[in-house]
2 protein chains.
Amino acid sequence: MRRLKMIISYDGTSFSGYQVQPGERTVQLEIEQVLTKMHKGTPVKIIASGRTDARVHATGQVIHFDTTLTIPIDSYMKALNVQLPRDIRVLACEEVASDFHARYSVSGKRYRYIWHFAAIQSPFRRHYTTETNGIVPNIELMREAAAYIVGEHDFSCFCAANTSVQDKVRTVHSLTFEIHGEELHMVIEGNGFLYNMVRIIAGTLWEVGTEKRTPQNVQKIIESMDRKTAGKTAPPHGLYLEKVYY
Amino acid sequence: MRRLKMIISYDGTSFSGYQVQPGERTVQLEIEQVLTKMHKGTPVKIIASGRTDARVHATGQVIHFDTTLTIPIDSYMKALNVQLPRDIRVLACEEVASDFHARYSVSGKRYRYIWHFAAIQSPFRRHYTTETNGIVPNIELMREAAAYIVGEHDFSCFCAANTSVQDKVRTVHSLTFEIHGEELHMVIEGNGFLYNMVRIIAGTLWEVGTEKRTPQNVQKIIESMDRKTAGKTAPPHGLYLEKVYY
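Keep in mind it's a predicted model, so treat the numbers as computed, not measured. Here the residue index of a chain counts from 1 through its sequence in written order. Chain letters and ligand numbers both follow the written order, the letters beginning at A and the numbers at 1. Reporting in this predicted model follows two pLDDT cut-offs: at least 70 for local features of residues, and 80 or more for side-chain atom pairs to be given and counted; totals over whole chains, interfaces and linings ignore these cut-offs and use all residues. Think of the side-chain values as coming from all heavy atoms in the structure, minus any hydrogens and water.

Chemist: Just to check I follow, could you spell out the packing of aromatic side chains for this structure?
Modeler: For any pair of aromatic rings, the description rests on two quantities: the centre-to-centre distance and the angle between the ring planes. Only rings of Phe, Tyr and Trp enter the pairing, Trp through its six-membered ring, and a pair is recorded when the two centres are within 6.5 Å. The plane angle decides the type: under 30 degrees is stacked, over 60 is edge-to-face, the rest tilted. Going through the model one piece at a time under the given rule, you end up with 18 aromatic pairs over all chains. Plain terms: the ring middles of Tyr113(A) and Trp115(A) are 4.9 Å apart, the flat faces sit at 55 degrees to each other, and that makes the pair tilted. For the pair Tyr240(A) and Phe124(B), a centre-to-centre distance of 5.6 Å together with 55 degrees between the ring planes defines the contact as tilted. Within this pair, whereas Tyr240(A) is found in strand β10 (residues 239–245), its partner Phe124(B) is found in the loop between β5 (108–116) and β6 (130–131), the two belonging to separate chains. Note on accessibility: Tyr240(A) and Phe124(B) belong to one class, buried. Helical segments are the DSSP runs of H or I of at least four residues, strand segments are the runs of E of at least two, and each set is numbered from the N terminus. Only protein chains enter the accessibility calculation, which uses a 1.4 Å probe; a residue is then buried when its area is under 20% of its type maximum, exposed when over 50%, and partly exposed in between.

Right under this line is the structure:
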(Lines give C-alpha, C1' and ligand atoms only; values in the text may rest on other atoms or scores of the structure.)
Protein backbone atom coordinates (compact mmCIF):
# COMPACT_ATOMS: atom_id res chain seq x y z
CA MET A 1 0.00 0.00 0.00
CA ARG A 2 1.32 3.43 -0.91
CA ARG A 3 -0.12 6.91 -0.47
CA LEU A 4 -0.35 9.22 -3.47
CA LYS A 5 -0.75 13.01 -3.45
CA MET A 6 -2.23 14.58 -6.56
CA ILE A 7 -2.69 18.17 -7.69
CA ILE A 8 -5.91 18.42 -9.65
CA SER A 9 -7.69 21.11 -11.65
CA TYR A 10 -11.39 21.26 -12.44
CA ASP A 11 -13.89 23.44 -14.20
CA GLY A 12 -16.59 23.69 -11.54
CA THR A 13 -19.34 24.66 -13.99
CA SER A 14 -20.98 21.26 -14.33
CA PHE A 15 -20.39 19.98 -10.78
CA SER A 16 -22.54 20.19 -7.67
CA GLY A 17 -19.30 20.97 -5.84
CA TYR A 18 -16.38 18.84 -4.77
CA GLN A 19 -17.90 16.55 -2.16
CA VAL A 20 -20.03 13.45 -2.83
CA GLN A 21 -23.76 14.10 -2.43
CA PRO A 22 -26.40 11.50 -3.29
CA GLY A 23 -27.68 11.86 -6.84
CA GLU A 24 -25.33 14.71 -7.74
CA ARG A 25 -22.38 14.92 -10.12
CA THR A 26 -19.40 15.87 -7.96
CA VAL A 27 -15.63 15.98 -8.45
CA GLN A 28 -15.01 13.46 -5.67
CA LEU A 29 -17.50 11.00 -7.19
CA GLU A 30 -15.98 11.18 -10.67
CA ILE A 31 -12.44 10.56 -9.37
CA GLU A 32 -13.48 7.78 -6.97
CA GLN A 33 -15.39 6.01 -9.74
CA VAL A 34 -12.32 5.93 -11.99
CA LEU A 35 -10.01 4.85 -9.14
CA THR A 36 -12.42 2.12 -8.06
CA LYS A 37 -12.50 0.85 -11.65
CA MET A 38 -8.67 0.89 -11.75
CA HIS A 39 -8.73 -1.18 -8.51
CA LYS A 40 -11.03 -3.75 -10.13
CA GLY A 41 -14.04 -2.75 -8.07
CA THR A 42 -12.43 -2.30 -4.66
CA PRO A 43 -13.74 1.08 -3.47
CA VAL A 44 -11.11 3.83 -3.21
CA LYS A 45 -11.84 6.91 -1.10
CA ILE A 46 -10.04 10.17 -1.74
CA ILE A 47 -9.41 13.02 0.72
CA ALA A 48 -9.14 16.62 -0.52
CA SER A 49 -7.62 19.70 1.12
CA GLY A 50 -11.19 20.90 1.58
CA ARG A 51 -14.50 21.16 -0.23
CA THR A 52 -15.35 23.60 -2.96
CA ASP A 53 -18.95 24.65 -3.66
CA ALA A 54 -20.99 24.13 -6.82
CA ARG A 55 -19.55 26.12 -9.78
CA VAL A 56 -16.34 27.00 -7.88
CA HIS A 57 -13.20 26.15 -9.87
CA ALA A 58 -9.84 24.70 -8.89
CA THR A 59 -6.48 25.09 -10.58
CA GLY A 60 -4.54 23.56 -7.69
CA GLN A 61 -6.77 21.41 -5.47
CA VAL A 62 -4.85 18.63 -3.68
CA ILE A 63 -6.10 15.12 -2.90
CA HIS A 64 -4.56 11.99 -1.37
CA PHE A 65 -5.53 8.33 -1.34
CA ASP A 66 -4.01 4.94 -0.67
CA THR A 67 -3.50 2.46 -3.48
CA THR A 68 -2.46 -1.16 -3.90
CA LEU A 69 -1.51 -0.63 -7.55
CA THR A 70 2.21 -0.72 -8.26
CA ILE A 71 2.25 0.97 -11.67
CA PRO A 72 4.72 3.88 -12.10
CA ILE A 73 3.52 7.35 -11.05
CA ASP A 74 3.54 8.71 -14.60
CA SER A 75 1.43 5.84 -15.91
CA TYR A 76 -0.93 6.24 -12.97
CA MET A 77 -1.51 9.88 -13.82
CA LYS A 78 -1.98 9.13 -17.52
CA ALA A 79 -4.44 6.33 -16.81
CA LEU A 80 -6.49 8.64 -14.62
CA ASN A 81 -6.50 11.46 -17.17
CA VAL A 82 -7.58 9.08 -19.95
CA GLN A 83 -10.57 7.86 -17.93
CA LEU A 84 -11.60 11.07 -16.15
CA PRO A 85 -14.10 13.46 -17.77
CA ARG A 86 -12.41 16.39 -19.50
CA ASP A 87 -13.49 18.92 -16.88
CA ILE A 88 -11.14 17.30 -14.33
CA ARG A 89 -7.39 16.93 -14.96
CA VAL A 90 -4.65 15.52 -12.79
CA LEU A 91 -1.75 17.97 -13.10
CA ALA A 92 0.85 16.28 -10.88
CA CYS A 93 1.25 13.15 -8.80
CA GLU A 94 3.80 12.01 -6.23
CA GLU A 95 4.19 9.29 -3.64
CA VAL A 96 4.09 10.68 -0.08
CA ALA A 97 4.70 9.36 3.43
CA SER A 98 1.79 7.51 5.03
CA ASP A 99 1.32 10.33 7.55
CA PHE A 100 0.66 12.92 4.83
CA HIS A 101 -2.97 14.01 4.90
CA ALA A 102 -4.43 16.28 2.18
CA ARG A 103 -6.70 18.01 4.71
CA TYR A 104 -4.99 17.84 8.10
CA SER A 105 -1.49 18.60 6.82
CA VAL A 106 -2.53 21.86 5.09
CA SER A 107 -0.46 24.87 6.20
CA GLY A 108 -2.11 27.42 3.91
CA LYS A 109 -4.13 28.09 0.78
CA ARG A 110 -4.33 30.59 -2.04
CA TYR A 111 -7.59 31.57 -3.76
CA ARG A 112 -8.26 33.85 -6.71
CA TYR A 113 -11.50 35.74 -7.35
CA ILE A 114 -12.12 37.20 -10.83
CA TRP A 115 -14.47 39.99 -11.93
CA HIS A 116 -15.00 40.85 -15.61
CA PHE A 117 -15.69 44.51 -16.45
CA ALA A 118 -17.08 44.24 -19.99
CA ALA A 119 -20.33 46.16 -20.48
CA ILE A 120 -21.54 43.18 -22.50
CA GLN A 121 -20.27 39.96 -20.93
CA SER A 122 -18.23 37.70 -23.17
CA PRO A 123 -20.05 34.38 -23.80
CA PHE A 124 -16.64 32.77 -23.31
CA ARG A 125 -16.06 34.08 -19.78
CA ARG A 126 -19.58 33.67 -18.38
CA HIS A 127 -18.78 30.57 -16.32
CA TYR A 128 -15.31 31.75 -15.33
CA THR A 129 -15.72 35.29 -14.02
CA THR A 130 -18.29 37.38 -12.18
CA GLU A 131 -19.65 40.00 -14.53
CA THR A 132 -19.92 43.61 -13.40
CA ASN A 133 -22.01 44.92 -16.32
CA GLY A 134 -19.39 47.47 -17.19
CA ILE A 135 -18.80 48.75 -13.64
CA VAL A 136 -15.10 49.38 -12.91
CA PRO A 137 -14.54 49.65 -9.14
CA ASN A 138 -12.14 51.95 -7.32
CA ILE A 139 -9.29 49.52 -6.72
CA GLU A 140 -7.38 51.86 -4.41
CA LEU A 141 -10.33 51.82 -1.99
CA MET A 142 -10.42 48.00 -2.20
CA ARG A 143 -6.67 47.87 -1.39
CA GLU A 144 -7.17 50.20 1.54
CA ALA A 145 -9.96 47.99 2.92
CA ALA A 146 -7.91 44.84 2.32
CA ALA A 147 -5.27 46.12 4.75
CA TYR A 148 -7.77 45.66 7.61
CA ILE A 149 -8.29 42.03 6.68
CA VAL A 150 -4.63 40.99 6.46
CA GLY A 151 -3.37 39.54 9.74
CA GLU A 152 -4.76 37.30 12.48
CA HIS A 153 -8.42 37.93 13.30
CA ASP A 154 -11.56 36.20 14.44
CA PHE A 155 -13.29 36.08 11.05
CA SER A 156 -16.82 35.24 12.30
CA CYS A 157 -18.04 38.19 10.23
CA PHE A 158 -16.83 36.55 7.02
CA CYS A 159 -18.16 33.06 7.75
CA ALA A 160 -21.44 31.59 6.45
CA ALA A 161 -23.90 31.53 9.37
CA ASN A 162 -24.66 27.80 9.03
CA THR A 163 -21.17 26.58 9.90
CA SER A 164 -20.30 24.32 12.82
CA VAL A 165 -16.64 25.36 13.21
CA GLN A 166 -15.95 26.75 16.70
CA ASP A 167 -12.58 28.46 16.35
CA LYS A 168 -12.93 31.20 13.76
CA VAL A 169 -9.50 32.75 14.21
CA ARG A 170 -7.50 32.62 10.98
CA THR A 171 -4.52 34.47 9.56
CA VAL A 172 -4.71 36.14 6.15
CA HIS A 173 -1.12 36.43 4.93
CA SER A 174 -1.81 38.58 1.87
CA LEU A 175 -4.72 40.06 -0.05
CA THR A 176 -3.83 41.77 -3.33
CA PHE A 177 -5.52 43.03 -6.49
CA GLU A 178 -4.30 42.66 -10.07
CA ILE A 179 -5.73 44.05 -13.31
CA HIS A 180 -5.56 41.66 -16.30
CA GLY A 181 -7.08 43.29 -19.38
CA GLU A 182 -10.80 43.71 -18.61
CA GLU A 183 -10.54 41.60 -15.45
CA LEU A 184 -9.87 42.35 -11.79
CA HIS A 185 -8.25 39.50 -9.85
CA MET A 186 -8.30 39.37 -6.04
CA VAL A 187 -5.61 37.01 -4.74
CA ILE A 188 -5.81 35.93 -1.09
CA GLU A 189 -3.47 33.71 0.91
CA GLY A 190 -3.92 32.52 4.46
CA ASN A 191 -3.39 29.68 6.88
CA GLY A 192 -7.01 28.59 6.53
CA PHE A 193 -10.40 29.82 5.39
CA LEU A 194 -13.87 29.50 6.93
CA TYR A 195 -16.90 28.42 4.94
CA ASN A 196 -17.63 31.02 2.21
CA MET A 197 -14.95 33.31 3.68
CA VAL A 198 -13.30 34.22 0.37
CA ARG A 199 -16.62 34.88 -1.35
CA ILE A 200 -17.88 37.06 1.53
CA ILE A 201 -14.60 39.01 1.54
CA ALA A 202 -14.90 39.42 -2.26
CA GLY A 203 -18.50 40.60 -1.96
CA THR A 204 -17.67 43.02 0.84
CA LEU A 205 -14.61 44.50 -0.90
CA TRP A 206 -16.67 44.87 -4.08
CA GLU A 207 -19.08 47.05 -2.09
CA VAL A 208 -16.10 49.13 -0.98
CA GLY A 209 -14.82 49.41 -4.57
CA THR A 210 -18.22 50.58 -5.75
CA GLU A 211 -18.39 53.07 -2.86
CA LYS A 212 -21.32 51.49 -1.04
CA ARG A 213 -19.05 51.14 2.02
CA THR A 214 -15.90 52.91 3.18
CA PRO A 215 -12.62 51.05 3.67
CA GLN A 216 -12.85 51.91 7.39
CA ASN A 217 -16.21 50.14 7.58
CA VAL A 218 -14.35 46.86 7.01
CA GLN A 219 -12.51 47.33 10.31
CA LYS A 220 -15.89 47.71 12.07
CA ILE A 221 -17.21 44.59 10.34
CA ILE A 222 -14.31 42.51 11.64
CA GLU A 223 -14.72 43.89 15.17
CA SER A 224 -18.46 43.12 15.14
CA MET A 225 -17.80 39.36 14.60
CA ASP A 226 -21.28 39.36 13.01
CA ARG A 227 -21.90 37.96 9.51
CA LYS A 228 -24.84 40.31 9.07
CA THR A 229 -22.62 43.40 9.09
CA ALA A 230 -20.56 42.20 6.09
CA GLY A 231 -21.42 42.38 2.39
CA LYS A 232 -23.09 39.87 0.10
CA THR A 233 -21.50 36.52 -0.69
CA ALA A 234 -19.97 36.94 -4.17
CA PRO A 235 -21.11 34.39 -6.81
CA PRO A 236 -19.29 31.04 -6.93
CA HIS A 237 -18.18 30.99 -10.58
CA GLY A 238 -15.63 33.79 -10.07
CA LEU A 239 -13.72 31.76 -7.46
CA TYR A 240 -10.66 29.51 -7.98
CA LEU A 241 -8.80 27.37 -5.43
CA GLU A 242 -5.32 28.00 -6.77
CA LYS A 243 -2.76 26.49 -4.43
CA VAL A 244 -2.59 24.43 -1.25
CA TYR A 245 0.53 24.69 0.92
CA TYR A 246 1.84 21.85 3.13
CA MET B 1 -40.12 48.68 -41.38
CA ARG B 2 -36.44 49.16 -40.76
CA ARG B 3 -33.46 46.84 -41.28
CA LEU B 4 -31.06 46.20 -38.39
CA LYS B 5 -27.51 44.88 -38.60
CA MET B 6 -26.13 43.22 -35.47
CA ILE B 7 -22.69 41.94 -34.52
CA ILE B 8 -23.10 38.87 -32.34
CA SER B 9 -20.79 36.60 -30.37
CA TYR B 10 -21.51 33.03 -29.33
CA ASP B 11 -19.86 30.18 -27.50
CA GLY B 12 -20.47 27.35 -29.99
CA THR B 13 -20.05 24.59 -27.40
CA SER B 14 -23.72 23.88 -26.76
CA PHE B 15 -25.06 24.57 -30.25
CA SER B 16 -25.60 22.25 -33.21
CA GLY B 17 -24.19 25.08 -35.30
CA TYR B 18 -25.62 28.38 -36.47
CA GLN B 19 -28.39 27.32 -38.83
CA VAL B 20 -31.83 26.07 -37.82
CA GLN B 21 -32.15 22.27 -37.99
CA PRO B 22 -35.26 20.41 -36.82
CA GLY B 23 -34.97 19.30 -33.20
CA GLU B 24 -31.58 20.90 -32.63
CA ARG B 25 -30.50 23.86 -30.48
CA THR B 26 -28.99 26.38 -32.90
CA VAL B 27 -27.93 30.02 -32.69
CA GLN B 28 -30.42 31.09 -35.36
CA LEU B 29 -33.30 29.37 -33.55
CA GLU B 30 -32.50 31.02 -30.20
CA ILE B 31 -32.32 34.51 -31.71
CA GLU B 32 -35.42 34.06 -33.87
CA GLN B 33 -37.41 32.82 -30.88
CA VAL B 34 -36.57 35.94 -28.86
CA LEU B 35 -37.27 38.27 -31.81
CA THR B 36 -40.57 36.57 -32.56
CA LYS B 37 -41.55 37.00 -28.92
CA MET B 38 -40.58 40.69 -29.09
CA HIS B 39 -42.81 40.98 -32.20
CA LYS B 40 -45.76 39.47 -30.28
CA GLY B 41 -45.68 36.20 -32.18
CA THR B 42 -45.07 37.47 -35.71
CA PRO B 43 -42.20 35.27 -36.97
CA VAL B 44 -38.93 37.14 -37.58
CA LYS B 45 -36.28 35.54 -39.80
CA ILE B 46 -32.65 36.51 -39.47
CA ILE B 47 -29.93 36.26 -42.11
CA ALA B 48 -26.29 35.69 -41.10
CA SER B 49 -23.06 36.31 -43.01
CA GLY B 50 -22.79 32.53 -43.28
CA ARG B 51 -23.23 29.36 -41.23
CA THR B 52 -20.88 28.07 -38.60
CA ASP B 53 -20.71 24.38 -37.72
CA ALA B 54 -21.49 22.71 -34.39
CA ARG B 55 -19.01 23.78 -31.66
CA VAL B 56 -17.49 26.56 -33.83
CA HIS B 57 -17.42 29.91 -32.01
CA ALA B 58 -18.04 33.47 -33.16
CA THR B 59 -16.72 36.71 -31.74
CA GLY B 60 -17.93 38.80 -34.68
CA GLN B 61 -20.72 37.08 -36.61
CA VAL B 62 -23.06 39.51 -38.40
CA ILE B 63 -26.82 39.14 -38.89
CA HIS B 64 -29.56 41.32 -40.34
CA PHE B 65 -33.34 41.31 -40.09
CA ASP B 66 -36.32 43.58 -40.69
CA THR B 67 -38.37 44.85 -37.79
CA THR B 68 -41.58 46.78 -37.24
CA LEU B 69 -40.58 47.78 -33.70
CA THR B 70 -39.69 51.44 -33.28
CA ILE B 71 -37.82 51.26 -29.97
CA PRO B 72 -34.37 52.92 -29.89
CA ILE B 73 -31.40 50.86 -31.04
CA ASP B 74 -29.80 50.72 -27.57
CA SER B 75 -33.00 49.48 -25.94
CA TYR B 76 -33.41 46.93 -28.72
CA MET B 77 -29.96 45.52 -28.04
CA LYS B 78 -30.55 45.45 -24.27
CA ALA B 79 -33.93 43.74 -24.65
CA LEU B 80 -32.34 41.06 -26.81
CA ASN B 81 -29.43 40.48 -24.41
CA VAL B 82 -31.80 40.18 -21.45
CA GLN B 83 -33.85 37.49 -23.18
CA LEU B 84 -31.13 35.59 -25.05
CA PRO B 85 -29.33 32.68 -23.38
CA ARG B 86 -25.97 33.67 -21.94
CA ASP B 87 -23.97 31.83 -24.61
CA ILE B 88 -25.13 34.38 -27.23
CA ARG B 89 -24.52 38.11 -26.87
CA VAL B 90 -25.37 41.02 -29.15
CA LEU B 91 -22.27 43.22 -29.19
CA ALA B 92 -23.42 46.01 -31.50
CA CYS B 93 -26.50 47.08 -33.41
CA GLU B 94 -27.16 49.66 -36.12
CA GLU B 95 -29.87 50.57 -38.59
CA VAL B 96 -28.82 49.94 -42.18
CA ALA B 97 -30.19 50.65 -45.65
CA SER B 98 -32.81 48.21 -46.92
CA ASP B 99 -30.37 46.90 -49.55
CA PHE B 100 -27.83 45.78 -46.94
CA HIS B 101 -27.67 41.99 -46.81
CA ALA B 102 -25.65 40.19 -44.13
CA ARG B 103 -24.72 37.42 -46.56
CA TYR B 104 -24.71 38.90 -50.06
CA SER B 105 -23.01 42.17 -49.08
CA VAL B 106 -19.99 40.45 -47.46
CA SER B 107 -16.66 41.62 -48.90
CA GLY B 108 -14.44 39.53 -46.63
CA LYS B 109 -14.06 37.58 -43.41
CA ARG B 110 -11.49 36.94 -40.73
CA TYR B 111 -11.23 33.64 -38.83
CA ARG B 112 -8.98 32.58 -35.96
CA TYR B 113 -7.90 29.02 -35.20
CA ILE B 114 -6.38 28.25 -31.77
CA TRP B 115 -4.19 25.36 -30.65
CA HIS B 116 -3.22 24.84 -27.01
CA PHE B 117 0.21 23.30 -26.33
CA ALA B 118 -0.12 22.22 -22.68
CA ALA B 119 0.95 18.63 -22.07
CA ILE B 120 -2.09 18.33 -19.80
CA GLN B 121 -4.98 20.27 -21.27
CA SER B 122 -6.53 22.92 -19.05
CA PRO B 123 -10.12 22.03 -18.11
CA PHE B 124 -10.89 25.70 -18.76
CA ARG B 125 -9.71 25.72 -22.39
CA ARG B 126 -11.08 22.34 -23.51
CA HIS B 127 -14.03 23.79 -25.45
CA TYR B 128 -12.11 26.80 -26.76
CA THR B 129 -8.88 25.44 -28.22
CA THR B 130 -7.62 22.34 -29.99
CA GLU B 131 -5.26 20.49 -27.70
CA THR B 132 -1.92 19.26 -29.02
CA ASN B 133 -0.96 17.08 -26.03
CA GLY B 134 2.23 19.04 -25.49
CA ILE B 135 3.34 19.06 -29.12
CA VAL B 136 4.80 22.43 -30.17
CA PRO B 137 4.95 22.71 -33.98
CA ASN B 138 7.63 24.35 -36.10
CA ILE B 139 5.93 27.67 -36.76
CA GLU B 140 8.50 28.79 -39.33
CA LEU B 141 7.55 25.83 -41.53
CA MET B 142 3.86 26.72 -41.10
CA ARG B 143 4.58 30.31 -42.17
CA GLU B 144 6.51 29.08 -45.20
CA ALA B 145 3.59 26.87 -46.22
CA ALA B 146 1.09 29.68 -45.58
CA ALA B 147 2.79 31.78 -48.27
CA TYR B 148 1.55 29.31 -50.92
CA ILE B 149 -2.05 29.77 -49.74
CA VAL B 150 -2.13 33.57 -49.75
CA GLY B 151 -3.47 34.98 -53.02
CA GLU B 152 -6.17 34.03 -55.52
CA HIS B 153 -6.51 30.28 -56.10
CA ASP B 154 -9.03 27.61 -56.93
CA PHE B 155 -9.32 26.17 -53.41
CA SER B 156 -11.09 22.90 -54.36
CA CYS B 157 -8.37 21.09 -52.37
CA PHE B 158 -9.46 22.84 -49.15
CA CYS B 159 -13.20 22.38 -49.61
CA ALA B 160 -15.33 19.65 -48.02
CA ALA B 161 -16.18 17.12 -50.73
CA ASN B 162 -19.94 17.32 -50.15
CA THR B 163 -20.34 20.95 -51.20
CA SER B 164 -22.52 22.18 -54.04
CA VAL B 165 -20.66 25.45 -54.74
CA GLN B 166 -19.39 25.58 -58.34
CA ASP B 167 -16.90 28.43 -58.32
CA LYS B 168 -14.14 27.56 -55.86
CA VAL B 169 -11.84 30.47 -56.65
CA ARG B 170 -11.25 32.63 -53.56
CA THR B 171 -8.62 35.13 -52.47
CA VAL B 172 -6.82 34.72 -49.16
CA HIS B 173 -5.56 38.19 -48.20
CA SER B 174 -3.43 37.16 -45.24
CA LEU B 175 -2.57 34.08 -43.21
CA THR B 176 -0.46 34.70 -40.11
CA PHE B 177 0.55 32.94 -36.90
CA GLU B 178 0.77 34.40 -33.41
CA ILE B 179 1.99 32.87 -30.15
CA HIS B 180 -0.06 33.79 -27.06
CA GLY B 181 1.35 32.09 -23.96
CA GLU B 182 0.81 28.36 -24.49
CA GLU B 183 -1.40 28.94 -27.54
CA LEU B 184 -0.78 29.20 -31.26
CA HIS B 185 -3.28 31.35 -33.16
CA MET B 186 -3.70 31.14 -36.93
CA VAL B 187 -5.42 34.25 -38.30
CA ILE B 188 -6.76 34.13 -41.87
CA GLU B 189 -8.49 36.81 -43.90
CA GLY B 190 -10.01 36.46 -47.33
CA ASN B 191 -12.81 37.56 -49.62
CA GLY B 192 -14.70 34.34 -48.96
CA PHE B 193 -14.27 30.83 -47.65
CA LEU B 194 -15.53 27.47 -48.90
CA TYR B 195 -17.19 24.92 -46.63
CA ASN B 196 -14.65 23.73 -44.02
CA MET B 197 -11.87 25.67 -45.80
CA VAL B 198 -10.36 27.22 -42.66
CA ARG B 199 -10.41 23.93 -40.76
CA ILE B 200 -8.83 22.02 -43.65
CA ILE B 201 -6.13 24.70 -44.01
CA ALA B 202 -5.53 24.54 -40.22
CA GLY B 203 -5.30 20.74 -40.32
CA THR B 204 -2.96 20.78 -43.32
CA LEU B 205 -0.65 23.46 -41.90
CA TRP B 206 -0.58 21.56 -38.60
CA GLU B 207 0.79 18.57 -40.52
CA VAL B 208 3.47 20.88 -41.98
CA GLY B 209 4.30 22.24 -38.51
CA THR B 210 4.68 18.71 -37.14
CA GLU B 211 6.85 17.77 -40.16
CA LYS B 212 4.46 15.22 -41.67
CA ARG B 213 4.47 17.34 -44.85
CA THR B 214 6.86 19.88 -46.34
CA PRO B 215 5.83 23.49 -46.97
CA GLN B 216 6.35 22.85 -50.68
CA ASN B 217 3.79 20.04 -50.53
CA VAL B 218 1.11 22.68 -49.93
CA GLN B 219 1.78 24.15 -53.37
CA LYS B 220 1.21 20.69 -54.90
CA ILE B 221 -2.02 20.28 -52.90
CA ILE B 222 -3.40 23.54 -54.31
CA GLU B 223 -2.41 22.60 -57.85
CA SER B 224 -4.08 19.17 -57.50
CA MET B 225 -7.50 20.77 -56.82
CA ASP B 226 -8.25 17.50 -54.99
CA ARG B 227 -9.48 17.45 -51.36
CA LYS B 228 -7.90 14.03 -50.86
CA THR B 229 -4.38 15.42 -51.20
CA ALA B 230 -4.82 17.88 -48.29
CA GLY B 231 -4.60 17.22 -44.56
CA LYS B 232 -7.27 16.35 -42.02
CA THR B 233 -10.06 18.77 -41.15
CA ALA B 234 -9.03 20.34 -37.82
CA PRO B 235 -11.60 20.04 -34.96
CA PRO B 236 -14.39 22.65 -34.80
CA HIS B 237 -13.88 23.92 -31.24
CA GLY B 238 -10.57 25.67 -32.07
CA LEU B 239 -12.29 27.88 -34.70
CA TYR B 240 -13.66 31.43 -34.28
CA LEU B 241 -15.46 33.61 -36.83
CA GLU B 242 -13.90 36.90 -35.79
CA LYS B 243 -14.90 39.61 -38.23
CA VAL B 244 -17.07 40.12 -41.30
CA TYR B 245 -16.21 42.94 -43.70
CA TYR B 246 -18.80 44.80 -45.83
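Chemist: When you look at the UniProt feature "binding site: substrate" (unreviewed entry) in chain A in this model, what are you seeing that I'm missing?
Modeler: UniProt positions are given in the numbering used here, feature names are shortened, and annotations may be inferred rather than shown by experiment. Mapped onto this numbering, the UniProt entry annotates "binding site: substrate" (unreviewed entry) at Tyr111(A). Tracing the backbone shows Tyr111(A) in strand β5 (residues 108–116).

Chemist: Mind showing me how you'd approach unusual backbone geometry here?
Modeler: Residues other than glycine predominantly adopt negative phi, and peptide bonds predominantly adopt the trans conformation. Residues and elements named next belong to chain B. Not every positive phi belongs to a glycine, and Asn133 is a case in point at roughly 55 degrees. Along the chain, Asn133 falls in the loop between β6 and α3 (139–149). In this model, Asn196 sits at a positive phi of 70 degrees, which is unusual for a non-glycine residue. Structurally, Asn196 is set in the loop between β9 (183–190) and α4 (197–209).

Chemist: What is the right way to look at the pattern of salt bridges in this model?
Modeler: Here the idea is simple: oppositely charged side chains can pair when their charged atoms come close. A pair is scored as a salt bridge if a Lys or Arg side-chain nitrogen falls within 4 Å of a carboxyl oxygen belonging to Asp or Glu. A complete count under the given rule lists 36 salt bridges over all chains for this structure. Between Glu32(B) and Lys45(B) there is a salt bridge; the shortest N-O distance is 3.4 Å. Of this pair, Glu32(B) sits in helix α1 (residues 27–38) while Lys45(B) sits in the loop between α1 and β2 (47–48), and the two are 13 residues apart along the sequence. Connected through salt bridges with shared partners, the residues Asp11(A), Arg25(A), Glu30(A), Asp87(A) and Arg126(B) form a single ionic network.

Chemist: Help me understand the packing of helix α1 (residues 27–38) of chain A against helix α2 (residues 73–83) of chain A, please; the structure alone is not making it clear to me.
Modeler: The description of two packed helices rests on the angle between their axes and on the distance between the axes. All names here are of chain A. α2 packs onto α1 with a crossing angle of 120 degrees between their chain directions and a minimal axis gap of 10 Å. By the criterion of interaxial angle, the relationship of α1 to α2 is oblique. Like other packed secondary-structure pairs, α1 and α2 cross with a definite hand, here right-handed. Contact residues: α1 offers Val34, Leu35, Lys37 and Met38, while α2 offers Tyr76, Ala79, Leu80 and Gln83. Under the scheme applied here, ten amino acids are nonpolar (Ala, Val, Leu, Ile, Met, Phe, Trp, Tyr, Cys and Pro), four are charged (Asp, Glu, Lys and Arg), and all others, including Gly, are polar. Across the contact of α1 with α2, the residue classes tally to six nonpolar, one polar and one charged. Angular values range over 0 to 180 degrees, each being the angle between N-to-C directions of two axes fitted as lines to C-alpha atoms, with helices fitted over their stretch in contact. Oblique is the label for every angle not falling under 35 degrees (roughly parallel), over 145 degrees (roughly antiparallel), or within 65 to 115 degrees (roughly perpendicular). Left-handed describes a crossing in which the near helix is turned anticlockwise from the far one by less than a right angle; the clockwise case is right-handed. What makes two residues a contact is simply this: any of their non-hydrogen atoms within 4.5 Å.

Chemist: I'm lost on the UniProt feature "active site" (unreviewed entry) in chain A in this one. Help?
Modeler: Residue and element names in this part refer to chain A. Per the UniProt entry, the sites bearing "active site" (unreviewed entry) are Asp53 in this numbering. Relative to the elements of secondary structure, Asp53 occurs in the loop between β2 (47–48) and β3 (57–67). Look at Asp53 and you get partly exposed, because its relative accessible area is 22%.

Chemist: Please explain the interface of chain A and chain B as it appears in this structure.
Modeler: Interface size, as often reported, equals the accessible area lost upon joining of the parts. On the side of chain B, 21 residues touch chain A, which itself brings 21 residues to the contact. Here the quantity called buried area is the accessible surface, traced with a 1.4 Å probe, that two parts lose on coming together, added over both. When the two sides are added together, the surface that chain A and chain B hide from each other amounts to roughly 1700 Å², 63% of it contributed by carbon and sulfur. The largest share of the area that chain A buries against chain B comes from Arg86(A), Phe124(A) and Arg126(A), three residues that together contribute 40% of it. The interface formed by chain A and chain B includes six salt bridges. Salt-bridge contacts for Asp87(A) lead to Arg126(B); the nearest nitrogen and oxygen are separated by 4.0 Å. The term polar contact refers here to a pair of N or O atoms within 3.5 Å; inside protein, the definition further demands a hydrogen-donor-capable atom paired with an acceptor-capable atom, and it admits residues adjacent in sequence only when both atoms are side-chain atoms. The interface formed by chain A and chain B holds four residue pairs in polar contact (both at pLDDT 80 or more) in total. Elements with a minimum of two residues in the side of chain A that touches chain B: β1 (2–10), β3, α2 and β4 (88–96) of chain A. Tallied by class, residues from the side of chain A that touches chain B come to ten nonpolar, five polar and six charged.

Chemist: Can you help me understand the domain arrangement of chain A in this one?
Modeler: All names here are of chain A. Domain ranges listed in this record stem from an automatic or a database domain assignment. Examined at the domain level, chain A breaks down into domain 1 (2–96) and domain 2 (108–245). Centre-to-centre separation of domain 1 and domain 2, based on C-alpha positions: 28 Å. Listed per partner, the contact involves 15 residues of domain 1 and 14 residues of domain 2. Taken together, the two surfaces of domain 1 and domain 2 that pack against each other cover about 1200 Å², and 52% of this comes from carbon and sulfur. Three residues, Asp53, Arg55 and His57, lead the burial of domain 1 against domain 2; their summed loss comes to 41% of the area buried on that side.

Chemist: What am I meant to see in the nonpolar core here?
Modeler: In summary, soluble globular proteins display a tendency toward joint burial of nonpolar side chains. Met6(A), Ile149(A), Phe158(A), Met186(A) and Leu205(A) are the most contacted members of the largest nonpolar core, which has 68 residues in total. Counting residues per element, this core draws most heavily on helix α4 (residues 197–209) of chain A, which supplies eight residues. Two domains each put at least three residues into this core: domain 1 (2–96) and domain 2 (108–245) of chain A. For our purposes a nonpolar core is just a set of buried Ala, Val, Leu, Ile, Met, Phe, Trp, Tyr and Cys residues, chained together by side-chain atoms within 4.5 Å. The next biggest cluster of nonpolar side chains, apart from the first, holds 67 residues, and it includes Tyr18(B), Leu35(B), Val62(B) and Ile88(B).

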